[in-house]
Amino acid sequence: MTNADWTRVNELFHQALELPRDERGAFLAQACGGDEPLRLELTSLLDAHDEANDFIEQPATRPADLAEAGVSADLVGRMIGHYRIVRVLGVGGMGIVFLADDTRLGRPVALKALAARFTKDPQRRERLRREARAAAALAHPGIATVYALEEFDDHVYIAGEFVPGETLRDELGRGPLPASRVIDTAVALARALEAAHDRGVVHRDLKPENVIRTPAGDVKILDFGLARMRDLPQPGAEITAEGALLGTPAYMSPEQIRGDAVDFRTDLFALGIMLYELATGAHPFVGSNAASTIARILEIQPPHITDRVPAMLSTAVGLGDLDRIIARCLEKHPDARYQSTHDLVTALEFAEAGGAPKARDLAEAAAKRPLRRRALGWWQFHQAAASVGYLAMLLPLWLARSWTPGVPDAVLFLVGLAAALIATTLRLHLWFAVRELPEESGAQRVQAGRWIRLADVVFVIVLAVSSAFAFQGHVEMAVLFLTAAVGVLIAFAIVEPATARAAFGRPAPLDRLGAP
Amino acid sequence: MVEDVYAELRRMADRYVRREQAKSVQATELVHEAYLRLLKDKSPRWQNRTHFLAIAAISMRRLLVERARARGAQKRGGHQVQVTLDDALLVGQAPDDDSSLDLVALDRALSSLAQLDADQARIVELRFFGGLSVEETAEALAISPATVKRHWTIAKAWLLRELQRTNSR
């Protein structure tokens, strides 16, 4: 057949495919016009097409999940040691996970059968035992417990706590979570990580598939330390990079991808990716295939979550804090991330409490939150009242502008006007910042606070001097000025620091910055 | 360039086999890793990742077919490769006889198809051996996804028929 013939075959083939099956014969007979070889060629191709089904539809480079699952299906109902296999829970990079019945202790377990390639070498197996021991030593409500390392018929199994619920991956399938829920989840995960990291156990394969949300709403991390076993090099082998590349690269840290030394900060990176996903519904780095994902993890700075969350969620309390925390976790260089998991926990707790000082006790923080909102109201009221008071005092100052022998008219008034405008403008600005830019409001309060304090002092002086001048003939006005000066003094020395402290929890910047 | 990628994939596959003392290599691992190594190589020979994947597909085809052929030769002749579990991991096919795929025969049929229609053979290479999606294939070949689908449909039918003929012979 020549290439021209093939072009013709192509045309007729696709035309025939458009037709219902029973009309194709007639169509071909007519279209081929007596060219019998052409008709036979087309008929056989159409037959093959009907049979093709999934022929070569699964690429040769597809991960081996299905092959392993296919092999495992006939194990259901059988006994492995004293475990009765109930069903397949999943297939991972290391092997198959079954739900099994521990017939000795009568409890359900997740039984992970490790693929032979991870366990063949005796030295690898020895390290596997050691890693399992380390993982079994982790006791934390946020970590699925490892019960036992079992060896039956030359196969290695890890029996662990069976955690019912759905994975974070399932949860992600329904879209992003509100910021407050992301933060709650983040605190729980970070605490679990902290418990493991304190014992020197690094997860190394943290991803939404490895986190389960129980029906009670708690989160549990699965497979702690197991990734380590997977990546163990053969004794004497030079590279761990190959090992690190098993499985999906989407949650790998840059150092993991490069094959550099990996420590707990790799878990922080993976956690950052998960939190990003939970908050925005989108993975920060994932590309259309593994290679592009890898390149993006190494090179791309993901957009702020505040730019990616749906508009209706974007003003949520805590989102700004969360954005900063996630960005810190996602730093390319481990040295730029949190330098201890405890720091991360602290930062998250801080965000959870809405910018309050480190809340050791979550319940306590939760109890405080409504109070703080009310306190914030008082602070705002104070700012507004102070502003109105300043502006109101401008009228008597204007009336008194020429009662100043020896001083040009209106100088005092103009100084007072300037101070009042500065103080008022900055207070309104702070009000706005606290409402709309909560994540920046701390810095704003420090900066603006300095000038507000200066303007307050100047205004008090103006009032005091005006009062002194007014005593010659305008006693009632003098009293008014004096009273106002004392009022302002009380307001900024006592009331404002108190409301600020109540609203923001910290020693208020306005208070601290009173003196230069 | 193809040679570079191929050599890299080969070396890695061999090392895996030696290291693991098993014959199983997940093809995706190889491709990730080859990509990484070549990424470190600063010379801008890779225009983009599609370009890389397109080249990796050629290498993957050679690697897989070569391994299948070696396995077949071990079993004293006969090109029908018995697919073992390890091979199944490699090829991503369930190891029951019906669906086991004769990679050597597929390779030969694909070469014949290339004589007839080079584009169609290339599409199969990219999609089956390279794991590219329809869209990525279209991008790599600078044709429309619709054209890729049309070509893919008939190429599949043609290849299946060739394989059936080989088997019945």
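Chains are numbered independently. Their residues run from 1 in the order of the written sequence. Each chain is given a letter, starting from A, and each ligand a number, starting from 1, according to the order in which they appear as written. Local features in a predicted model are, by the rule used here, given only for residues with pLDDT of at least 70; side-chain atom pairs are given and counted only at 80 or more, and totals for whole chains, interfaces and linings are based on all residues.

Focus on the overall build of chain B
Looking only at helices and strands, chain B features eight helices and zero strands. What you see in chain B, going N to C, is helices and strands ordered as α-α-α-α-α-α-α-α. A buried classification covers 48% of the 169 residues belonging to chain B. For chain B, contacts bridging at least 24 residues in sequence account for 59% of all contacts bridging at least 6. We count a stretch as a helix when DSSP gives it H or I for four or more residues in a row; a strand needs E for two or more, and each element gets its number in order from the N terminus. Burial is judged by counting the other C-beta atoms within 10 Å of a residue's own C-beta: 20 or more makes it buried, 12 or fewer makes it exposed, and any count in between marks it as partly exposed, with every C-beta position built from the backbone. Residue pairs qualify as contacts under a 7 Å threshold applied to their C-beta atoms, which are placed from the backbone.

Description of the overall build of chain A
Along chain A, the regular secondary structure elements total 20 helices and nine strands. Expressed as a percentage of its 516 residues, the buried residues of chain A come to 41%. Long-range pairs, those at least 24 residues apart, make up 61% of the contacts in chain A between residues at least 6 apart in sequence.

Quick word on the pairing of strand E6 (residues 155-161) of chain A
Residue and element names in this part refer to chain A. Most of E6 sits out of view: five of its seven residues are buried. Looking at chain direction, strand E4 (residues 107-114) and E6 are connected through five bridges and run antiparallel. Directly across from Lys112, in E6, lies its bridge partner Ile158. Relative to E6, strand E5 (residues 146-152) is paired through six bridges, and the arrangement is antiparallel. Looking at the pairing, Val146 lines up with Gly160 of E6. Should DSSP find at least two bridges between two strands, the strands are taken to pair. Where E5 hands over to E6, the hairpin turn is made up of two residues, of which Asp153 adopts a positive phi near 45°.

Section: the confidence of the model for chain A
Residues and elements named next belong to chain A. On average, chain A scores 79 in pLDDT, and the residues at 70 or more come to 80%. Each residue carries a pLDDT value, the predictor's own confidence for that position, ranging from 0 to 100. Here residues 62-73 is modelled with pLDDT under 50, and outside its nearest four sequence neighbours on either side it reaches 24 contacts, counting other chains as well. Note on residues 231-247: pLDDT under 50 across the span, and 32 contacts to partners over four residues away in sequence or across chains.

As for the nonpolar core
As a rule of thumb, nonpolar side chains are buried together in soluble globular proteins. We define the nonpolar core as any set of buried residues of the types Ala, Val, Leu, Ile, Met, Phe, Trp, Tyr and Cys, connected via C-beta atoms lying within 7 Å of each other. Formed by 85 residues in total, the largest nonpolar core has its most connected members in Leu189(A), Leu271(A), Leu322(A) and Leu348(A). Domain extents, as shown, originate in an automatic or database domain assignment. Here this core spans two domains, since at least three of its residues come from each of domain 2 (65-161) and domain 3 (166-233 + 242-352) of chain A. The contacts of Leu322(A), once residues within four sequence positions are left out, are Ala179(A), Val182(A), Ile183(A), Ala279(A), Ile305(A) and Ala351(A). Listed in part, the 44 residues of the second largest apolar core include Ala121(B), Phe128(B), Ala138(B) and Leu160(B).

A word on helix H15 (residues 341-352) of chain A
All names here are of chain A. For H15, with twelve residues, the first-to-last C-alpha span of 16 Å sits near the 16 Å given by 1.5 Å per residue. Within H15, nine of the twelve residues are buried, leaving the element largely enclosed by the surrounding structure. Those residues of H15 that sit buried are Thr341, Leu344, Val345, Ala347, Leu348, Glu349, Phe350, Ala351 and Glu352. Following H15 by one or two positions, Gly354 adopts a phi angle in the positive range, close to 70°. A helix's residues, less one, multiplied by 1.5 Å, set its expected span.

Digging into the environment of Asp184(A)
Relative to the helices and strands, Asp184(A) resides in helix H7 (residues 179-198). Taking the C-alpha atoms as reference, Asp184(A) lies 9.9 Å from Val219(A); in sequence the two are 35 residues apart.

Quick look at helix H11 (residues 264-280) of chain A
Residue and element names in this part refer to chain A. Compared with an ideal rise of 1.5 Å per residue, which puts 17 residues at 24 Å, H11 spans 25 Å between its outermost C-alpha atoms and is within 8% of the ideal. Most of H11 sits out of view: 17 of its 17 residues are buried. Immediately downstream of H11, the backbone of Gly281 shows phi near 80°, a positive value.

Quick word on the sheet that holds strand E7 (residues 166-167) of chain A
Residue and element names in this part refer to chain A. Pairing within the open sheet is antiparallel, and its three strands lie in the order E7-E8-E9. For this open sheet the edge positions go to E7 and strand E9 (219-221), each flanked by a neighbour on one side alone. Where E7 lies against strand E8 (residues 211-213), two bridges are found, and the strand directions are antiparallel. Note that in E8 the partner of Thr167 across the bridge is Ile212.

With respect to unusual backbone geometry
The residue Ile56(A) is not glycine, and still its phi comes out positive at about 45°. Position of Ile56(A) relative to the elements: it lies in the loop between helix H3 (36-52) and helix H4 (65-72). With a phi angle near 55°, Ala142(B) is a residue other than glycine that sits in the positive phi range. If you trace the backbone, Ala142(B) turns up in the loop between helix H7 (134-141) and helix H8 (145-168).

Some thoughts on the packing of H7(B) against H8(B)
The geometry of a pair of packed helices is captured by two quantities: the angle between their axes and the separation between those axes. Residues and elements named next belong to chain B. With their axes 8 Å apart at the nearest point, H7 and H8 run at an angle of 105° to one another. Judged by the angle between their axes, H7 and H8 are roughly perpendicular. Contacts from Val134, Glu135, Thr137 and Ala138 of H7 reach H8 at Pro145, Val148 and Lys149. Under the scheme applied, nonpolar residues are Ala, Val, Leu, Ile, Met, Phe, Trp, Tyr, Cys and Pro; charged residues are Asp, Glu, Lys and Arg; polar residues are all the others, including Gly. Tallied by class, the residues present in the contact of H7 with H8 amount to four nonpolar, one polar and two charged. The axes used here are C-alpha line fits, helices contributing only the stretch in contact, and every angle between their N-to-C directions lies in the interval 0 to 180 degrees. What sets the label is the angle itself: under 35 degrees gives roughly parallel, over 145 gives roughly antiparallel, 65 to 115 gives roughly perpendicular, and the rest give oblique.

So, the confidence of the model for chain B
All names here are of chain B. Of all residues in chain B, 50% attain a pLDDT of 70 or more, and the chain-wide mean is 68. Under a pLDDT of 50 for its full length, residues 19-25 has, in the predicted model, 20 contacts with residues more than four places off or in other chains. Counting contacts from residues 76-99, a segment whose pLDDT is below 50, to residues more than four positions away or on other chains yields 57 contacts. Taken over the whole predicted complex, pTM reads 0.47, whereas the ipTM for its chain interfaces reads 0.73.

Details of the packing of helix H6 (residues 118-129) of chain B against H8(B)
Residues and elements named next belong to chain B. It is the contact of H6 with H8, at a shortest axis distance of 9 Å, that shows an interaxial angle of 90°. Considering their axes alone, H6 and H8 lie roughly perpendicular with respect to each other. Here H6 contributes Asp119, Gln120, Ile123, Val124 and Arg127 to the contact with H8, which in turn contributes Val148, His151, Trp152, Ala155 and Leu159.

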